[in-house]
Each structure stands twice: as structure tokens, then as C-alpha cells.
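Letter by letter, the chains look like this.
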Amino acid sequence: EKGGYKHFMLKEINEQPRAIRDTTLGRVSLDSGQVFLPDLKLGPEEFRRATQLTIAACGTSWHAALAGKFMIERLARLPVEVDYASEYRYRSPIASPNEIGLLITQSGETADTIAAQREMTSLGIPTLAICNVVGAAITREAHGTITTNAGPEIGVASTKAFTAQLTALFTLALYLAQQRGTAAAEHSLHLVTELSKIPGKVEEVLRSVDDACANLAKSFSNARDFLFLGRGIHYPIALEGALKLKEISYIHAEGYPAGEMKHGPNALIDESLPVVVIATQDPTDPQSVLKYEKTLSNIQEVTARSGRVIAIATEGDHEISKLVEHTLHVPAAPELLLPILETVPLQLLAYHIAVRRGCDVDQPRNLAKSVTVE
Ligand code: F6R
């Protein structure tokens, strides 16, 4: 049942190319660049009129939501707010006219997320869902759903469901952009073409970094703490890298926006602290390049204090390897699609470290796959 893999988690990590492909299947046209999401059931007028999208989710799905904010705001110019589902209804949220709600949930049964959805409904906010389980509770109460076709996820730590959520959010962002008239046809076609290359690129990452992650695990499995840094859309991926490591290896880890280090956490850095820095870039995107350059200075701040940097970088970036102890490469892609690629080495790093520490990776202590209590 584990398809020859030692753990469900490893099997599911390796299923990501298929999960991502199935999540875009039939939803994008490679001829026109058009995105089709008929199951959302809100009309184009409602998307055009929308003034705000509020996303509520928990855990890994909340990280996907944070990344989705960057995609939707950049492509569709629609303001996005992201809430922890467990906090949403306790902060007396204010509904804006023409606001739309979005719940992101692998299981569709998370009690906190159901509670957030009910709060939205009671405020008159129509809700949509991104969910991996057809017919799950949250989809039954939602106006419309984008199903992530990742297939059943058995490992408690979410892997393929997360990258499928990122994929669904990217298609949603492009769909909203098309409905709202903020995406030029040419740009749409370019992005859809790039999206179609992501499964192949994930395959490439799976092949190229697995051994390196296993080797890194040898050097770092005894670390007491880990830091994960990223800027912009890469920051939520840093959070996800830290969560994966915490939940399956029981090593304390924190994700931080790289630029915030000098405002406090730099004090933590010494020669015993591994710091994973997401330092990818899309060289054709000036905003991405600027962010990358700032990230390089953040790396120098860490190495100057003897922190041990593991960089996640874009293929062909040899400069960065001169600055840091270890580099894991991912193929180049547009900025908003890079998160899918950079997630994979972080999953494998957490996996190999947990295995070396003798942890039960599929069933971490104190955790359940579906959290049905608030
Ligand atoms: C972590 C993980 C959890 C879930 C969270 C929400 O690996 O799996 O953080 O993401 O409990 O679950 P869903 O997405 O089912 O609502």
C-alpha cells in the first residue's frame, strides 16, 4: 500500500507531480491561456464587484493561504486578508460589501475552519472552498469549490495536499484576474504554459535533491533549533518548512521573514544554528530580483555571525554557493510558481532528519490527521 516506499509521507511527496497535474487538469487552456473554474458557481459580475477576499484556514492550509494572498493580489489586484480559522470568529470580523470568503482545507472537516465558515455565512459573506475531499462538510456549506485532486493523504504531515493547494490558488488567482480584466491575454498564456511545466520540474527536484537532503540530515539531525527564512511569497514557504520539521522530527524550528532578522532574531545566531534560506528568483521579474538581492544580504548577516546556511536557490545560481555551506537547487519558474518547487526540498529535508532521529514520520506524537474539535 506504500507503493514500495518506506513511509506514506515519502510516497506522497513523490506523488506531487501527479497531484499538481490533476489539480490543473481540464481547468486551463494551453491554447488561449483561459482558466475554467465552473464549480465556483459565483458569476463573473460577483468577482468583478468583489472588494475583498478573506481566507481562513489552519496549519499547513493557512500557509497555502498566505502564499495565495501574494498570487491573488498580484494577478487579480483584489485585496486579500488571511486569518487563522481558529481566531477568525473571536475578533469580531467586519464584513465589507461584496466581500468573498475562502476556506482552504485538505480534509474539509476541520472544526476551526467550519466555525470560521459559519461566522462568514452569518455575516452574509458568500464562501468558497479549496478542498481535497469531495463532499466534505465545508464543501457542502460553500457556494462553490475548487477540488484539489491530490488523492487521499495518509501521512499526518501534509505534503501533496499543500502543493495541490498552491496550484489551485494559482489557478484561482489567474481566473480572478481574467474575470476582473487585470490579466493581459499574452501574460495569461505565458503563466498557463509555465504552470503546465511545474509537474515536470517537481519531478526534476525530486530526482536531484533527495540524496543531498539525506546527506544534510546526517550533519544536522542533532540540531536543537532551526530557522527558515524567506521574503515575500517565499516567507509562507519558510513557515511551512519549519512546521514540517517541527511536527515530524520534534526539533524546534521557526519560520521568519528574512528582513525581520535584524529586528531581533539575529541574537539567536551562532555556529550551532542551521538557517535554511529560500533565495530563489525569477530573473525576468524585477520585483523578484530585488527581493533576491535583499535576501543575499540577509544571508551575509547570518554567515557573518557563523550561522550555518542551507540555501534553496535557482538552478544556475552559482554565486550563492560561494556564500553558503550548502545549496539545494530548484529549476527557474515565474515568481508565483516558485513556492511549489521550493517546498519539495524542505519536505525531504524534514523527512530525512525525522527518519534519522527514529521518529514515526507518518504518525507524529500528539497529532491527528483531522482535527475535529475547536
Ligand atoms: C500539518 C497539517 C495540519 C493541517 C491542519 C488543517 O502538516 O497537516 O497543520 O494542515 O490541521 O487541516 P485541513 O487542511 O484538513 O483543514
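We now turn to the structure provided with this report.

Reading the values: rules and limits
Per chain, the residues get numbers from 1 upward, laid out in the order the sequence is written. Given that the model is predicted, a residue must reach a pLDDT of at least 70 before its local features are reported, and side-chain atom pairs must reach 80 or more before they are shown or counted; all residues, however, enter totals for whole chains, interfaces and linings. Excluding hydrogens and water, the side-chain figures rest on all heavy atoms present in the structure. Note on ring pairs: Phe, Tyr and Trp rings are taken, using the six-membered ring of Trp, and paired if centres are within 6.5 Å. Classes follow the plane angle, with under 30 degrees stacked, over 60 edge-to-face and the rest tilted. Elements are defined by DSSP. Helices are runs of H or I of four residues or more, strands are runs of E of two residues or more, and each kind is numbered from the N terminus. Between buried and exposed lies partly exposed: a residue is buried under 20% and exposed over 50% of the maximum accessible area for its type, with that area taken using a 1.4 Å probe on protein chains only. In our convention, an over-ring charge means Lys NZ or Arg CZ found within 6 Å of a ring centre and within 35 degrees of that ring's normal. For the purposes of this section, nonpolar cores are sets of buried Ala, Val, Leu, Ile, Met, Phe, Trp, Tyr and Cys residues that join through side-chain atoms within 4.5 Å. In what follows, a contact means two residues having at least one pair of non-hydrogen atoms within 4.5 Å. Only strands joined by at least two bridges in the DSSP assignment are considered to pair. If the strands point away from the viewer and the path from the first strand over the helix to the second runs clockwise, then the crossover is right-handed. Note on definitions. A residue lies near a molecule or strand when any single heavy atom of the residue is within 4 Å of it. We call two N or O atoms a polar contact when they sit within 3.5 Å, provided that within protein one can donate a hydrogen and the other can accept it, with sequence-adjacent residues counted only if both atoms are side-chain atoms. Under the convention adopted here, Pro, Cys and the residues Ala, Val, Leu, Ile, Met, Phe, Trp and Tyr are nonpolar, Asp, Glu, Lys and Arg are charged, and Gly plus all remaining residues are polar. Only the contacting stretch of a helix is used when fitting its axis, a line to C-alpha atoms as for every element, and angles between N-to-C directions run 0 to 180 degrees. To estimate the expected span of a helix, subtract one from its residue number and multiply by 1.5 Å.

Scanning all chains against the criterion turns up 4 aromatic pairs. Taking 3.9 Å as the distance between ring centres and 15° as the angle between the ring planes, the aromatic pair formed by W62 and Y84 counts as stacked. Placement of the pair is W62 in helix α4 (residues 59-76) and Y84 in strand β2 (residues 80-84), with a sequence separation of 22 residues. Classification of Y84 by relative accessible area gives partly exposed; the value is 39%. Within the aromatic cluster, the residues linked to one another by ring pairs are F220, F226 and F228. The ring centre of Y250 lies 3.8 Å from the NZ or CZ of R365, which sits over that ring.

This part covers the nonpolar core. Generally speaking, nonpolar side chains in soluble globular proteins are found buried as a group. Counting 89 residues, the largest nonpolar core has I72, L102, F226 and F228 as its most contacted members. Ignoring sequence-local partners within four residues, the contact set of I72 consists of L53, R77, L78, V80, L169, L172, A173 and L176. One finds L229, M261, L273 and V309 within the second-largest nonpolar core, a separate group that totals 18 residues.

Attention shifts here to the pairing of strand β9 (residues 308-314). For β9, a buried count of 6 out of 7 residues is recorded, marking the element as mostly surrounded by other parts of the structure. Bridge analysis of strand β8 (residues 274-279) against β9 gives 6 bridges, and the strand direction is parallel. Residue pairing across strands places A279 opposite A313, the latter belonging to β9. With helix α11 (residues 286-304) bridging β8 and its parallel neighbour β9, the resulting β-α-β unit is right-handed.

Among the 13 residues in the neighbourhood of the ligand, the closest are listed as S61, T105, Q106, T110 and E247. Between K244 and the ligand, the recorded distance is 3.0 Å, taken from a side-chain N or O atom to an oxygen atom. Where the shell around the ligand is concerned, the elements lending two or more residues are α4 and α10 (234-249). When residues in the shell around the ligand are grouped by element, the largest group, 3 residues, is from α4. Residue classes in the shell around the ligand are distributed as 3 nonpolar, 8 polar and 2 charged.

Our next topic: the sheet that holds strand β10 (residues 326-330). Here 5 strands make up an open sheet; going across it, the order is β7-β6-β8-β9-β10 and the pairing parallel. This sheet does not close on itself; its edge strands, each paired only once, are β7 (252-257) and β10. If you compare each strand with its neighbour and ignore which way they point, the axes differ by 20° on average. In this structure, strand β6 (residues 225-230) lies alongside β7, joined through 6 bridges in parallel fashion. Along β7, the bridge assignment pairs F228 with G255. Sheet strands in contact with α10 are β6, β7 and β8, and its direction is about 175° off that of β7.

We now examine helix α13 (residues 338-356). Along an α-helix, residues three or four apart share an orientation, since each turn contains 3.6 residues. Given a rise of 1.5 Å per residue, 19 residues ought to cover 27 Å, and the 28 Å separating the end C-alpha atoms of α13 matches this to within 8%. Taking burial as the measure, the 19 residues of α13 include 17 buried ones, the bulk of the element. Count one or two residues on from α13 and you reach G358, which has phi positive near 75°.

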